[in-house]
Amino acid sequence: MQSHSEHKISQIIGLDGKPMTVEDLPPVDTKRWVIRRKAEVVAAVRGGLISLDDACNRYKLSVEEFLSWQKAIEKHGLPGLRTTRLQQYRPPPPPELSN
């Protein structure tokens, strides 16, 4: 009978096409989330280098914030991760209804 031990991935192919390991991820105390750093974390989770829970705990992110990064990449590519000029990539929120 085969054991079902969990296989841990030690490296993935990074954004630049080179191998990326956990040591290549942004520092845990990252405060300034530039496009490249966000994309590296998303790639690491997608590739199985770290889990979603690990990423959220490591970087003090909410699951919703991480998923918004992932969705932005899927929908708009790396430019979707910009925090400036969001209106070019994301539709404005719907107006609130007044009572």
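On a predicted model such as this, the values are computed, not experimentally measured, just so you know.

Chemist: If you had to explain the packing of aromatic side chains to someone new, which residues and values would you point to?
Modeler: Working definition: an aromatic ring pair is given by the centre-to-centre distance plus the angle between the planes. In total, this model carries two aromatic pairs according to the counting rule given. Between Trp33 and Trp69 the ring centres are 5.0 Å apart and the planes differ by 50°, which places this aromatic pair in the tilted class. Placement of the pair is Trp33 in the loop between β2 (19–20) and α1 (35–47) and Trp69 in helix α3 (residues 63–76), with a sequence separation of 36 residues. Given a relative accessible area of 18%, Trp33 falls into the buried group.

Chemist: Please set out unusual backbone geometry residue by residue, giving values where relevant.
Modeler: You will see that Lys60, though not glycine, has its phi angle at about 55°, which is positive. Note that Lys60 resides in the loop between α2 (52–59) and α3. For Lys60, a relative accessible area of 72% puts it in the exposed group.

Chemist: Describe the side chain of Thr30, naming the residues involved and giving the relevant values.
Modeler: Following the sequence through the fold, Thr30 ends up in the loop between β2 and α1. For Thr30, the side chain forms a polar contact with the main-chain oxygen of Pro27, separated by 2.5 Å.

Chemist: Tell me about the side chain of Glu40, residues and numbers included.
Modeler: By secondary structure assignment, the location of Glu40 is in helix α1. Glu40 sits in the buried class, given a relative accessible area of 11%. Contacts of Glu40, omitting those with residues within four sequence positions, involve Leu15, Met20, Asp24, Leu25 and Pro26.

Chemist: Now, about the environment of Val28: what can you tell me, with residues and values included?
Modeler: With respect to the helices and strands, the residue Val28 is situated in the loop between β2 and α1. For the pair Val28 and Arg58, spaced 30 residues apart in the sequence, the C-alpha separation amounts to 5.8 Å. Setting aside residues no more than four positions away along its own chain, Val28 makes contact with Arg58 and Tyr59.

Chemist: Could you give me a rundown of the nonpolar core, with the residues and numbers involved?
Modeler: Among the nonpolar cores identified, the biggest contains 21 residues, and Val41, Phe66 and Trp69 are the most heavily contacted of them. Put simply, the parts of the chain that give this core at least two residues each are α1, α2 and α3. Considering every element that reaches this core, the biggest residue donor is α1, with six residues. Residues within four places of Trp69 in sequence aside, it is in contact with Trp33, Lys38, Val41, Val42, Leu61 and Leu81.

The rules behind each value
- Residues numbered from 1 in each chain as written.
- Predicted model: local features only at pLDDT ≥ 70, side-chain atom pairs only at ≥ 80, totals over all residues.
- Heavy atoms only, no water.
- Phe/Tyr/Trp six-rings, centres within 6.5 Å; stacked < 30°, edge-to-face > 60°.
- Helix = DSSP H or I, 4+ residues; strand = E, 2+ residues; numbered from the N terminus.
- Buried < 20%, exposed > 50% of the residue type's maximum accessible area, 1.4 Å probe, protein only.
- Polar contact = N/O pair within 3.5 Å; in protein donor to acceptor, adjacent residues only side chain to side chain.
- Contact = heavy atoms within 4.5 Å.
- Core = buried A, V, L, I, M, F, W, Y, C linked by side-chain atoms within 4.5 Å.

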